[in-house]
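As a plain string of letters, each chain reads:
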Amino acid sequence: MRMKKCLSFFCLLVAVMALQAQTVIFTDNFDSYTAGQRLCSQNNTDWTTWSNAPGGIEDAYISTEQAVSGSNSLKITGNNDIIYRFSNQTSGVFDVEFKYYVPSSGQGAYFSLQH
């Protein structure tokens, strides 16, 4: 009888863990884009600028200067103001992860999540 209880508890634990499994909604490491060109000009489905003007001054360049994996990254400077469109997420728990490099001689950095 004790073995049945242990097995039942184990099955319940596995079911709970499976229900909490993550579904990746979006991932991007910028390696599929052409370095030297602007991000939103290459992918205006997922990315845009604050003024919704891909290719303009707010659109950031894909760069090979710094990268965590692969060879490309997104270089945000000066007037760049990039927006990722999170779709219509209205409920649930979401995990947003990204890595960014800020040079020690720079002015600092910030990011903003808005809904």
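It should be noted that the structure appears before, not after, this text.
Criteria and thresholds
Numbers given for residues are sequential positions, taken from 1 along each chain in its written order. In keeping with the predicted nature of the model, local features appear solely for residues at pLDDT of at least 70, side-chain atom pairs appear and are counted solely at 80 or more, and the whole-chain, interface and lining totals rest on all residues. For the side-chain quantities, the full set of heavy atoms in the structure was used; hydrogens and water were omitted. We call Phe, Tyr and Trp rings a pair once their centres come within 6.5 Å, taking the six-membered ring for Trp, and we label the pair stacked below 30 degrees between planes, edge-to-face above 60, and tilted otherwise. Numbering of helices and strands runs from the N terminus; a helix is a DSSP stretch of H or I covering at least four residues, while a strand is a stretch of E covering at least two. Classification of residues uses two cut-offs on accessible area relative to the type maximum, computed with a 1.4 Å probe and protein chains only: under 20% is buried, over 50% is exposed, and between them is partly exposed. Residues grouped as a nonpolar core are buried Ala, Val, Leu, Ile, Met, Phe, Trp, Tyr and Cys residues, joined through side-chain atoms within 4.5 Å. Contact between two residues is taken to exist if any of their heavy atoms lie within 4.5 Å; hydrogens are not considered. Here, a salt bridge means any Lys or Arg side-chain nitrogen found within 4 Å of an Asp or Glu carboxyl oxygen.

Caption draft 1: Here's a closer look at the packing of aromatic side chains. Under the counting rule described, the total for this entry stands at nine aromatic pairs. Each residue in the set Phe-26, Phe-30, Tyr-33, Trp-47, Tyr-84 and Phe-86 is aromatic and connected to the rest through ring pairs, giving one cluster.

Caption draft 2: Molecular detail of unusual backbone geometry. Positive phi, close to 70°, is recorded for Phe-30, a residue that is not glycine. Its location among the elements puts Phe-30 in the loop between helix H1 (2-19) and helix H2 (39-42). You will see that Asn-52, though not glycine, has its phi angle at about 55°, which is positive. Relative to the helices and strands, Asn-52 resides in the loop between strand S1 (47-49) and strand S2 (61-63). Among the residues examined, Asn-52 registers a relative accessible area of 52% and is labelled exposed.

Caption draft 3: Looking closely at the nonpolar core. Of all hydrophobic cores here, the largest spans 10 residues; its members are Phe-30, Tyr-33, Leu-39, Cys-40, Trp-47, Ala-60, Ile-62, Leu-74, Ile-82 and Tyr-84. Elements supplying a minimum of two residues to this core: H2 and strand S4 (82-84). Excluding anything up to four places from it in sequence, Ile-62 contacts Phe-30, Tyr-33, Thr-34, Ala-35, Gly-36, Gln-37, Leu-39, Gln-42, Asn-72, Ser-73 and Leu-74.

Caption draft 4: Region of interest: the pattern of salt bridges. According to the stated counting rule, one finds one salt bridge in the structure shown. Where Lys-75 meets Glu-65, a salt bridge forms, and the shortest distance between an N and an O atom there is 2.9 Å. Residue Lys-75 is found in strand S3 (residues 73-75), and its partner Glu-65 is found in the loop between S2 and S3; the two are separated by 10 residues along the sequence. A relative accessible area of 55% means that Glu-65 is categorised as exposed.

Caption draft 5: Molecular detail of the environment of Thr-34. Residue position: Thr-34 is located in the loop between H1 and H2. For Thr-34, a relative accessible area of 42% puts it in the partly exposed group. Between the alpha carbons of Thr-34 and Tyr-61 there is a distance of 9.2 Å; along the sequence they are 27 residues apart.

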